[in-house]
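Now for the letters of each chain:
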Amino acid sequence: ITDSYNLGIACYTLFQMITLSGIFSVVICRLKNEGMRKGARIGIALYFGLFPTIVMFSLCSAKDGLFTGMVLLMVVLLRELVSAPETFFEKKAHVVLLGSASLMMILLRHNGFYAFLATCPLIIYFMRKKWKQIVPYTFLILAACSIVKGPVMNAAEVEPGKLAFKLCIPLQQVGRVIADGCNLTEEEIETIEKINIISYVEENYQKHGADPMFAWVNYGNAGYLEDNMGEYLDLWISLGMKYPGKYLQAFIDVTKGYWYPMDPGQVVNFGITENKNDLETQPILDGPVIVKIHEILTKLYTIFPIYGIMYSMGAMFWLLILLLAIAVRNNDYSVWAAGMPLVFLTLTLFIAVPLVADIRYGYPLLLAIPAMVAITFKNIQEDTNEKLYERI
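Here goes a summary of the coordinates provided.

### Section: the nonpolar core
Phase 1 of the analysis: With 81 residues, the main nonpolar core has Phe-48, Leu-72, Leu-81, Ile-123 and Met-372 as its most contacted residues.
Phase 2 of the analysis: When near neighbours in sequence (up to four residues on either side) are disregarded, Met-372 contacts Val-75, Leu-320, Leu-323, Leu-324, Val-335, Ala-338, Gly-339 and Leu-342.
Phase 3 of the analysis: Counting residues in hydrophobic clusters, the runner-up holds 29 residues, among them Val-177, Ile-192, Trp-216 and Ala-250.

Listed below in structure tokens is the structure:
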């Protein structure tokens, strides 16, 4: 309408902020309807509104903000679905919300699709008494996904993602063998160099990030790799049998940020990077004071240890596992239903994450963990009250 990239991005950012605010409001209202105390709801609202990471992703125009918002919505609604299956499908708003959140989770990130597929069998098992409703509902979501990913994207000439991005861990493992100077046969070297020269890997390999290996494939003969996957599968297996320690270390170095309580990588991004569309930062509030406030807020986690844990994706993952263990102890599998998308999203990172501790990949955990804590301990309190009542 205006031929202004800046105005377009501004409108999108406003749309995203409103959408996420709506999701946060729905989540808090759902927790209120389940009897959560006002103080806990206020605490969660403050977390959504003030936690710097959430503020950053609410403004960031990458897909991570909306994707994670949809995951959060799924967490709360899946819990309600399993805890009250008799009434859930009677409320059309709940059915539409859960279906929309599931579809958007699938479409906004590739690993959202795999996490959804892995979650479905467990949800169907938990809902087996209502299988006539949940099975068609699940297939309807997958059918809608197929239509968008198939005819719609083909009509819009959307190009599929590059193969290298799906082979992050294998590329890192083979790259580690090369970079560490392990002995290779002439045949192995010849096979590797059909894609690109080995010297590039020797000089540019990074153990905590797969971008150099992506570039090695994408700017080399990526087509040969796609056409000869069997040949390179054999190479990957044979090198792994010769150097299992290198493979294990490569896996640890690129994934440990999501299962080990370490510091995150990039936690803030000021402005807009250089781009071909002449898009530029035009801040309304600017100056050294604003910049200093940003710096202080983004460094607080390095000063206060307890607060700093909230920035650790590995710590949040183990907290999630603890919450699921508590749910098993209390025979509350609705908490498991809520937590499964988070578990499977994290597991997909162990297969294809490109950076060791990029906070955007673990953002679903950081956003949803307060709701998971609230759901878990609310049910414990209910069980305690019921047992006390029975004793009286």
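### Considerations on helix 15 (residues 244-255)
Phase 1 of the analysis: Given a rise of 1.5 Å per residue, 12 residues ought to cover 16 Å, and the 17 Å separating the end C-alpha atoms of helix 15 matches this to within 8%.
Phase 2 of the analysis: On its buried side, helix 15 packs onto helix 9 (168-179), helix 14 (229-242) and helix 19 (333-352).

### Points about the pattern of salt bridges
Phase 1 of the analysis: According to the stated counting rule, one finds 10 salt bridges in the structure shown.
Phase 2 of the analysis: Here Glu-34 ties to Arg-79 by a salt bridge, and the two come within 2.3 Å at their closest N and O atoms. Placement of the pair is Glu-34 in the loop between helix 1 (5-33) and helix 2 (38-50) and Arg-79 in helix 4 (residues 64-83), with a sequence separation of 45 residues. With respect to class, Glu-34 is no different from Arg-79; both count as buried.
Phase 3 of the analysis: Of the charged contacts in the structure, one is a salt bridge between Asp-253 and Arg-176, with a shortest N-O distance of 2.8 Å.

### Thoughts on unusual backbone geometry
Phase 1 of the analysis: At Glu-157, a residue that is not glycine, the phi angle is positive and equals roughly 55°.
Phase 2 of the analysis: You can see Glu-157 is positioned in the loop between helix 8 (131-155) and helix 9.
Phase 3 of the analysis: Classification of Glu-157 by relative accessible area gives exposed; the value is 70%.
Phase 4 of the analysis: Phi angles above zero are rare outside glycine, and Asn-331 is one such case at about 55°.
Phase 5 of the analysis: Mapped onto the elements of the fold, Asn-331 is located in the loop between helix 18 (313-329) and helix 19.
Phase 6 of the analysis: For Asn-331, a relative accessible area of 60% corresponds to the exposed category.

### Describing the packing of helix 7 (residues 110-126) against helix 19
How two helices sit against one another is set out by the angle between their axes and by the gap between those axes.
Phase 1 of the analysis: It is the contact of helix 7 with helix 19, at a shortest axis distance of 8 Å, that shows an interaxial angle of 155°. Considering their axes alone, helix 7 and helix 19 lie roughly antiparallel with respect to each other. For helix 7 against helix 19, the interelement crossing comes out right-handed. Residues Asn-111, Gly-112, Tyr-114, Ala-115, Ala-118, Thr-119, Leu-122, Ile-123 and Phe-126 of helix 7 form the contact with helix 19, whose participating residues are Tyr-333, Trp-336, Ala-337, Met-340, Pro-341, Phe-344, Leu-345, Thr-348 and Leu-349.
Phase 2 of the analysis: Among the residues making up the contact of helix 7 with helix 19, the classes are represented as 14 nonpolar, 4 polar and no charged.

### A closer look at the layout of surface pockets
Phase 1 of the analysis: Of the volumes computed, that of the second largest pocket is approximately 1100 Å³.
Phase 2 of the analysis: Forming the walls of the second largest pocket are 29 residues, and the residues nearest its centre are Arg-109, His-110, Asn-111, Phe-165 and Lys-166.
Phase 3 of the analysis: The set of elements that each furnish at least two residues to the lining of the second largest pocket consists of helix 6 (92-108), helix 7, helix 8, helix 12 (211-218) and helix 19.
Phase 4 of the analysis: Looking at side-chain class alone, the lining of the second largest pocket contains 16 nonpolar, 5 polar and 8 charged residues.

### Topic: the packing of helix 9 against helix 12
Phase 1 of the analysis: Look at helix 9 against helix 12: their axes get within 9 Å of each other, and the N-to-C directions meet at 95°. Between helix 9 and helix 12, the angle is such that the two are roughly perpendicular. Facing Cys-168, Leu-171, Gln-172 and Gly-175 of helix 9, the residues of helix 12 in contact are Met-213, Phe-214 and Val-217.
Phase 2 of the analysis: Grouping the constituent residues of the contact of helix 9 with helix 12 by class yields 5 nonpolar, 2 polar and no charged.

### Things to note about the packing of aromatic side chains
Phase 1 of the analysis: Under the defined criterion, the tally for this structure stands at 20 aromatic pairs.
Phase 2 of the analysis: Ring centres of Phe-57 and Tyr-363 lie 4.3 Å apart, and the angle between their planes is 20°; on these two criteria the pair is classed as stacked. Placement of Phe-57 in helix 3 (residues 52-59) and of Tyr-363 in helix 20 (residues 363-391) is noted, with a sequence separation of 306 residues between them. For the pair Phe-57 and Tyr-363, one class covers both residues: buried.
Phase 3 of the analysis: Relative to Tyr-260, the ring of Trp-259 has its centre 6.4 Å away and its plane inclined at 75°; by these criteria the two rings are edge-to-face.
Phase 4 of the analysis: Residue Trp-259 is classed as partly exposed on the basis of its relative accessible area, which comes to 27%.
Phase 5 of the analysis: Here a set of aromatic residues connected by ring pairs shows up, and it is made of Phe-24, Tyr-47, Phe-48, Phe-51, Tyr-301, Tyr-307 and Tyr-311.

Basis of the calculations
- Residues numbered from 1 in each chain as written.
- Predicted model: local features only at pLDDT ≥ 70, side-chain atom pairs only at ≥ 80, totals over all residues.
- Heavy atoms only, no water.
- Core = buried A, V, L, I, M, F, W, Y, C linked by side-chain atoms within 4.5 Å.
- Buried < 20%, exposed > 50% of the residue type's maximum accessible area, 1.4 Å probe, protein only.
- Contact = heavy atoms within 4.5 Å.
- Helix = DSSP H or I, 4+ residues; strand = E, 2+ residues; numbered from the N terminus.
- Expected span 1.5 Å × (residues − 1).
- Salt bridge = Lys/Arg side-chain N within 4 Å of Asp/Glu carboxyl O.
- Axes fitted to C-alpha atoms, helices over the stretch in contact; angles between N-to-C directions.
- Parallel < 35°, antiparallel > 145°, perpendicular 65-115°, else oblique.
- Left-handed = near helix turned anticlockwise from the far one by under 90°.
- Nonpolar A, V, L, I, M, F, W, Y, C, P; charged D, E, K, R; others polar.
- 1 Å grid on protein atoms, 1.4 Å probe; cavity = no way out; pocket = protein on both sides within 12 Å on 5 of 7 lines; lining within 4 Å.
- Points joined across faces, edges and corners; volume = space filled by probe spheres on them.
- Phe/Tyr/Trp six-rings, centres within 6.5 Å; stacked < 30°, edge-to-face > 60°.

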